[in-house]
Amino acid sequence: MAKFPIRYSQQAPPQQSGVVRSSVDVRTGEGLAGESLARAGEKLAGFGFEMMAKIQKAEDDVEFSARKREIDSYYSDGYVTAGEVGTPEAQIKIHTEVDKNVQSVSSRNSRVNTALQIYKNNVAAQWGKTYGIQQLNLRKKNIGTQADSNMQHALTNGDLKGYTDAMNAKVSIGLATPAQAKTALEQFENNSTLEQIKRQIFSNDPEQVGVGLERLEKMNPKEMTSDQIVVRNKWSKVSKSQVKHNTDEVLNQMYTSMDKGSNLSPIDKQTAADNMKRTLAATKGLSREDAKIVLKDINLWVDGEERETNNNAYLSVRDAIGDFRLGAITPKQLDAKLQSVRFKVSPKDFKSLGKDIEREIPARQSQIMAKAEKYARQRIAPSQTLLQAMVSAGRDTAKIEAYMSGAKYQADLQKMAHYTRAAENLIAKDPDSATLKEDLRKLAEEYATKTPQQLGEIQAVFTRQDETVELPVVKTREEAKELRPGEWYYIIDPVTGKKYKARKK
């Protein structure tokens, strides 16, 4: 054990300086700690008040922002809703409701409430101006709509004064310029004539349609604007088509009457012939040469004879039927070919050719459908192709039946049924379409990607469409004979009175 010198161990402690540093009991240090905590407490209290103020301000800002958005939403939604109504009175009602809703926006916090009131005062003036413009625009729009209606009425009736008044009303509110009004008034006469002709064309009165066409042909293109010439050509095309349709109806009825009245007495024949000649004289759609042929046919019919057939014309239609079978021409083109020989073949041969064509069109559509289904089976229902291969290979009947009852085969079968229905609708909708084959191919590609649920939805649409189609009701055999092969119709059970759907074979 180490030993220290005695003189060191008995030495007195060092003397303190004369400066008093603290009255704290140096043995515990409690006074120093208390003073430090006091100072820290003061700083913490100051920090707490500052943080509370910041939190309160943030809460106020957040609430103000939320209430502000509520106010903005009332104004913007009201503007959209008011834009959807048709009268200024309805708009004012909506705007009043918006103001009421805006004023109801408030806060329990007085500072937020004060800020909201200032914001309301500012935006109320801005939105009030916007709403006022909205009302003025609607009033202008309504005036313009009414003025346009009055101008249309004046055009149809040749009322120049009424047209001028309506146009001046549009100019007064800025919906038309004076230059536009001047041009419109200068074009009034031709525009009025075109509008009147339009009414005649769509009157369903053959005589009025003919008169309208004559008026169109008398209009001088040199005195018309380019826009008027476009309208004139449009109505000319429509009226000629309508006249042709009316003429075809008259001729069909006339030749049907001659066909059915071949056994009439000479006196009755002559009476019927005189009526046909009067009808012929009033028919507008025949050229002078064709009218002479029809007149000659009537006289031959009275004498019990018939016009001879031009063999070349007859054969040209037979050739067209052959082209149609090959898919080289459309049903519309085939019908046009038939109509072109109406006065070159006998009425009996013309009727015979027409019946042949009526039989060919459904047959041709069936050919298109068969080819479409063949392609569709490869894309939509490969299991059917596999089944054919199994049958051709002479597979066991039990295996074939098991395959046919499988889920895959049944699902493909259902998809093909959906496709067939859709394809039939497509063909019936536009059999003259030049892109029909390509459209059917695209349809198969589309259906190949459809789910069973999607196909069911499509099927439901077709079903609803069928329910809205108006089919003829056939009551006699004679009426049934007038239908084309493949045409759908209704028959009524004479006992129960129920209506059943049928299709002519």
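See above for the structure.
Conventions used here
Residues numbered from 1 in each chain as written. Predicted model: local features only at pLDDT ≥ 70, side-chain atom pairs only at ≥ 80, totals over all residues. Heavy atoms only, no water. Helix = DSSP H or I, 4+ residues; strand = E, 2+ residues; numbered from the N terminus. Buried < 20%, exposed > 50% of the residue type's maximum accessible area, 1.4 Å probe, protein only. Contact = heavy atoms within 4.5 Å. Areas by Shrake-Rupley, 256 points an atom, 1.4 Å probe, with all protein chains shown as cover. Expected span 1.5 Å × (residues − 1). Arc of directions from axis to C-beta. Salt bridge = Lys/Arg side-chain N within 4 Å of Asp/Glu carboxyl O. Axes fitted to C-alpha atoms, helices over the stretch in contact; angles between N-to-C directions. Left-handed = near helix turned anticlockwise from the far one by under 90°. Nonpolar A, V, L, I, M, F, W, Y, C, P; charged D, E, K, R; others polar. Phe/Tyr/Trp six-rings, centres within 6.5 Å; stacked < 30°, edge-to-face > 60°. Lys NZ or Arg CZ within 6 Å of the ring centre and 35° of its normal. Core = buried A, V, L, I, M, F, W, Y, C linked by side-chain atoms within 4.5 Å.

## Digging into the overall build of the chain
Reasoning step 1: What the chain contains, in helices and strands, is 20 helices and three strands.
Reasoning step 2: Considering the chain as a whole, with its 505 residues, one finds that 27% of them fall into the buried category.
Reasoning step 3: Once local pairs closer than 6 in sequence are excluded, the contacts in the chain between residues at least 24 apart make up 60%.
Reasoning step 4: Carbon and sulfur atoms make up 53% of the accessible area of the chain, which amounts to about 34,100 Å² in all.

## What to know about the environment of Val341
Reasoning step 1: Structurally, Val341 can be placed in the loop between α13 (331-340) and α14 (347-380).
Reasoning step 2: Of the residues examined, Val341 reaches a relative accessible area of 3% and is grouped as buried.
Reasoning step 3: Each C-alpha atom of the pair Val341 and Asn312 lies 9.8 Å from the other, and the pair is 29 residues apart in sequence.
Reasoning step 4: If we ignore the near neighbours within four places in the chain, the residues touching Val341 are Ala313, Ser316 and Val317.

## Re the environment of Met167
Reasoning step 1: Its place among the elements puts Met167 in helix α5 (residues 160-172).
Reasoning step 2: Relative accessible area serves as the criterion here: at 5%, Met167 is assigned to the buried category.
Reasoning step 3: In this structure the C-alpha to C-alpha distance between Met167 and Asp148, which are 19 residues apart in sequence, comes to 8.2 Å.
Reasoning step 4: Contact partners of Met167, with chain neighbours within four places excluded, come to Met151, Ala176, Ala181 and Ala184.

## Regarding helix α8 (residues 206-218)
Reasoning step 1: Taking 1.5 Å of rise per residue, 13 residues should cover 18 Å, and α8 covers 19 Å from first to last C-alpha, within 8% of that figure.
Reasoning step 2: Looking only at α8, the buried set comprises Val209, Gly210, Gly212, Leu213 and Leu216. End-on view of α8: buried residues confined to an arc of 160°, all on one side of the axis. Exposed residues pointing more than 90 degrees away from the buried face of α8 are listed as Glu207 and Lys218.
Reasoning step 3: Taken together, the buried residues of α8 touch α7 (188-201) and α9 (226-260).

## Some details on the pattern of salt bridges
Reasoning step 1: Applying the stated rule across the entire model yields nine salt bridges.
Reasoning step 2: Linking Lys170 and Asp148 is a salt bridge whose minimum nitrogen-to-oxygen distance equals 2.8 Å. Taken together, the residues Lys170 in helix α5 and Asp148 in helix α4 (residues 110-157) connect sequence positions 22 residues apart.
Reasoning step 3: According to the relative accessible area criterion, Asp148 is partly exposed, its value standing at 39%.
Reasoning step 4: Where Lys161 meets Asp165, a salt bridge forms, and the shortest distance between an N and an O atom there is 3.0 Å. Within this pair, Lys161 and its partner Asp165 are both found in helix α5, separated by four residues, close to a single helical turn.
Reasoning step 5: The exposure class of Lys161 is exposed, given its relative accessible area of 58%.

## Remarks on the packing of α8 against α9
Reasoning step 1: Running from N to C, α8 and α9 point in directions that differ by 145°, and their axes come no closer than 9 Å. Viewed along their axes, α8 and α9 form a crossing whose handedness is left-handed. Contact residues: Pro206, Val209, Gly210, Leu213, Leu216 and Glu217 in α8; Arg232, Trp235, Ser236, Ser239, Lys240, Gln242, Val243 and Asn246 in α9.
Reasoning step 2: Residue composition of the contact of α8 with α9, grouped by class: six nonpolar, five polar and three charged.

## Considerations on the packing of aromatic side chains
Reasoning step 1: Enumeration over the complete set of coordinates arrives at seven aromatic pairs.
Reasoning step 2: When the ring of Tyr79 is compared with that of Tyr131, the centres are 6.4 Å apart and the planes differ by 5°; the resulting orientation is stacked. In this pair, Tyr79 sits in helix α2 (residues 30-82) while Tyr131 sits in helix α4, placing the two residues 52 residues apart along the sequence.
Reasoning step 3: We classify Tyr79 as partly exposed; its relative accessible area is 34%.
Reasoning step 4: Given a relative accessible area of 4%, Tyr131 falls into the buried group.
Reasoning step 5: Between Trp127 and Tyr131, the aromatic rings sit 5.7 Å apart at their centres with planes inclined by 55°, giving tilted as the arrangement. Separated by four residues within a single helix, Trp127 and Tyr131 lie in helix α4, roughly one turn from each other.
Reasoning step 6: Here the basic side chain of Arg441 rests over the ring of Tyr375, its NZ or CZ set 4.2 Å away from the ring centre.

## Brief notes about the nonpolar core
Reasoning step 1: Judged by nonpolar contacts, the single largest core of 16 residues is most densely connected at Ile380, Tyr419 and Leu440.
Reasoning step 2: Of all the elements in the fold, those that place two or more residues in this core are α14, α17 (407-429) and α18 (436-447).
Reasoning step 3: Contact partners of Leu440, with chain neighbours within four places excluded, come to Ile368, Ala372, Tyr419, Ala423, Leu426 and Ile427.

## Considerations on the environment of Asp297
Reasoning step 1: Of note, Asp297 is situated in helix α11 (residues 288-302).
Reasoning step 2: Owing to a relative accessible area of 5%, Asp297 belongs among the buried residues under this scheme.
Reasoning step 3: Residues Asp297 and Ser346, spaced 49 residues apart in sequence, show a C-alpha to C-alpha distance of 9.0 Å.
Reasoning step 4: Contacts of Asp297, omitting those with residues within four sequence positions, involve Tyr255, Met258, Arg307 and Pro347.

## Remarks on helix α10 (residues 266-282)
Reasoning step 1: In this model α10 runs 25 Å from its N-terminal to its C-terminal C-alpha over 17 residues, within 8% of the 24 Å that 1.5 Å per residue would give.
Reasoning step 2: For α10, the elements touching its buried residues are α9 and α11.

## Describing the side chain of Lys170
Reasoning step 1: Judged by relative accessible area, Lys170 falls into the buried class, the value being 14%.
Reasoning step 2: Ignoring sequence-local partners within four residues, the contact set of Lys170 consists of Ala147, Asp148, Met151, Leu175 and Ala176.

Note that all results are geometric; they support no functional claim without further evidence.
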